[in-house]
Amino acid sequence: MLKRIYNFGDNIIGRKKSRVLAAFLVFVMLFAFSGCGEKEEETTTEIEVDEEDTFIDEDGFRIVRDYVVTTQDNVNVRKEAREDAEVYITLDKGVDLTRTGIKDEWTRVVINGGNYYLLSEYVEETDIKWATQTDVTKVSHVVFIDPARQITEDTSLEPMSPDVDAPALLDNGQYATATSAQMAGMKSKMSPGAMGVSTGSFEYDVTLSVANYLNAELVKRGYTVYMSRTANNVDISNAKRAQMANAYGAEIYIKIETPAATEATASGMLGFIATSTNSHTGTMYQKNYELCYDILKTSCEETGATRMGIYETDELTTLNYLDMPGTVIDVGFLSNEQDDTALSTDDYKKKIAVGMAKGIDLFFAESN
């Protein structure tokens, strides 16, 4: 009986083995069969790679789109990715910038609508500062800064206002000789600048320096800034500077002067605006006044300078051509020893820039 049971078990196991073996043989036969006949060609899919997918642009920069913040003061932002390239602007610590490219040790950023470069060691990644609901509604206003004067004066004439019935303009860009009556509305394109009574500083140097500090301060506050010049060796008339501001679509125009007064005791800050009866800008009189008042107020508070008031005139060419509110600000007098000395220091010029920026903030806040 035990033997039968054993044999019966053997029989069951044997059958199971037979079924497994049979299944295996069938699988092998099917596999072999599937290999018979012509071998089908394998299809391959070619992937076209867009050049942009390599993230390297034609200038060799790896393309990015994020945000960085300056990590220290006095960071030079240059017009080209070279350490000997011209400096466009100098920024302090904490300025948020849009980064668009990285190449070697250089970072490319967007400032005032243009591409500029700084060493990557002076920035670090940051959260998008306008990601909050409050910042989403923030508007970046457009400001035009005009540093008065240039190295070379230009005694040739131009109409003091676009409404002047000027003499014929010749092919050489000069106006034809005319009678004194016809030339009544004409004025020199660029008068010579002042010179510091004690430092010997040139007005065109001082005004450009203050303008650069103001540019940096406004960029820090989120403004878009355009300047009539970034160098001294230019040839841009007063009318042309106002026309540049119009072409850029600026919301406000500010000219910075440091003239010589007839009285050596004259010291402080003085503002100029066009009159309410100005044929071209009269309708903007109230805005002109508010802009000038706000800038003078905050600048004098920041620097401690004397606020000398607002003078209304239609004799300033740039103000006559503007399509937006504008003012001329004398931030000090190079004919005064105290003003001249103060304007020779970076600390004082930075205070002027901060004060003017506060006034611009105030103007737009009141306008809104």
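Residues numbered from 1 in each chain as written. Predicted model: local features only at pLDDT ≥ 70, side-chain atom pairs only at ≥ 80, totals over all residues. Heavy atoms only, no water.

S.K.: Hey, could you go over the overall build of the protein chain for me, with residue numbers and the actual values?
M.R.: Helix and strand content of the protein chain: eight helices and 15 strands. Out of the 368 residues in the protein chain, the part that is buried amounts to 42%. When the accessible surface of the protein chain is split by element, carbon and sulfur atoms take 51% of a total near 20800 Å². (Helix = DSSP H or I, 4+ residues; strand = E, 2+ residues; numbered from the N terminus. Buried < 20%, exposed > 50% of the residue type's maximum accessible area, 1.4 Å probe, protein only. Areas by Shrake-Rupley, 256 points an atom, 1.4 Å probe, with all protein chains shown as cover.)

S.K.: So what's going on with empty space enclosed by the protein? Which residues, and what values?
M.R.: A full pass over the atoms with the stated rule returns one cavity of 30 Å³ or more. Counted as a void, the largest cavity has a volume near 30 Å³. Along the walls of the largest cavity sit Ala274, Thr281, Met284, Asn288, Leu319, Leu322, Met324 and Gly326, which together make up its complete lining. Of the residues assigned to the lining of the largest cavity, the class counts are five nonpolar, three polar and no charged. (1 Å grid on protein atoms, 1.4 Å probe; cavity = no way out; pocket = protein on both sides within 12 Å on 5 of 7 lines; lining within 4 Å. Points joined across faces, edges and corners; volume = space filled by probe spheres on them. Nonpolar A, V, L, I, M, F, W, Y, C, P; charged D, E, K, R; others polar.)

S.K.: If you had to explain the side chain of Thr100 to someone new, which residues and values would you point to?
M.R.: By the element assignment, Thr100 lies in strand S4 (residues 96-103). Polar contacts involving the side chain of Thr100 include one to the side chain of Arg108, which spans 2.9 Å. In this structure, Thr100 is in contact with Arg62, Ile63, Val64, Arg65, Arg108, Val110 and Asn115, ignoring residues within four places of it in sequence. (Polar contact = N/O pair within 3.5 Å; in protein donor to acceptor, adjacent residues only side chain to side chain. Contact = heavy atoms within 4.5 Å.)

S.K.: I'd like a rundown of the environment of Thr152, residues and numbers included.
M.R.: On the secondary structure map, Thr152 appears in the loop between strand S8 (142-147) and strand S9 (154-159). Distance in space between the C-alpha atoms of Thr152 and Tyr204 is 9.8 Å, their sequence separation being 52 residues.

S.K.: Break down helix H4 (residues 238-248) for me, citing the residues and quoting the values.
M.R.: For H4, the complete set of buried residues consists of Asn238, Ala239, Arg241, Ala242, Met244 and Ala245. Against the buried residues of H4 lie S8, S9, strand S10 (186-190), strand S11 (224-227), strand S12 (252-257) and helix H6 (317-321). Note on H4: the residue one or two positions beyond its end, Gly249, has a positive phi of about 70 degrees.

S.K.: A description of the sheet that holds S11 should follow, citing residues and the corresponding values.
M.R.: The strand order across the open sheet formed by six strands is S11-S8-S12-S15-S13-S14, and the pairing between neighbours is mixed. If you trace the sheet from one side to the other, it starts and ends with S11 and strand S14 (307-312), each paired once. For this sheet the average axis-to-axis angle between neighbouring strands, irrespective of direction, equals 20 degrees. Direction of pairing for S8 relative to S12: parallel, over a ladder of five bridges. Counted as the bridge partner of Pro147 is Ile256 from S12. Contacts between helix H3 (residues 203-220) and the sheet are confined to S8, S11 and S12, with S8 contributing the most and set at about 165 degrees to the helix. (Pairing = 2+ DSSP bridges. Axes fitted to C-alpha atoms, helices over the stretch in contact; angles between N-to-C directions.)

S.K.: Tell me about the environment of Thr90, and name the residues and values.
M.R.: Along the chain, Thr90 falls in strand S3 (residues 87-91). Apart from the residues lying within four places of it in its own chain, the contact partners of Thr90 are Asn74, Val75, Asn76 and Ala216. A distance of 3.0 Å separates a polar atom in the side chain of Thr90 from a polar atom in the side chain of Asn76.

S.K.: Could you give me a rundown of the pattern of salt bridges, with the residues and numbers involved?
M.R.: As enumerated under the stated definition, the model contains 17 salt bridges in all. Among the salt bridges present, the one from Glu290 reaches Lys287, with a minimum N-O distance of 3.9 Å. Here Glu290 pairs with Lys287, and both are found in helix H5 (residues 285-303), just three residues apart, close to one helical turn. Residue class for Lys287 comes out partly exposed when judged on its relative accessible area of 33%. In this structure, Asp346 engages Lys349 in a salt bridge whose closest nitrogen and oxygen atoms are separated by 3.8 Å. Here Asp346 and its partner Lys349 are both found in helix H8 (residues 346-367), three residues apart, which amounts to about one turn of the helix. Here Lys349 falls in the buried class, since its relative accessible area comes to 8%. The network of salt bridges with common partners includes Asp66, Arg99 and Glu125. (Salt bridge = Lys/Arg side-chain N within 4 Å of Asp/Glu carboxyl O.)

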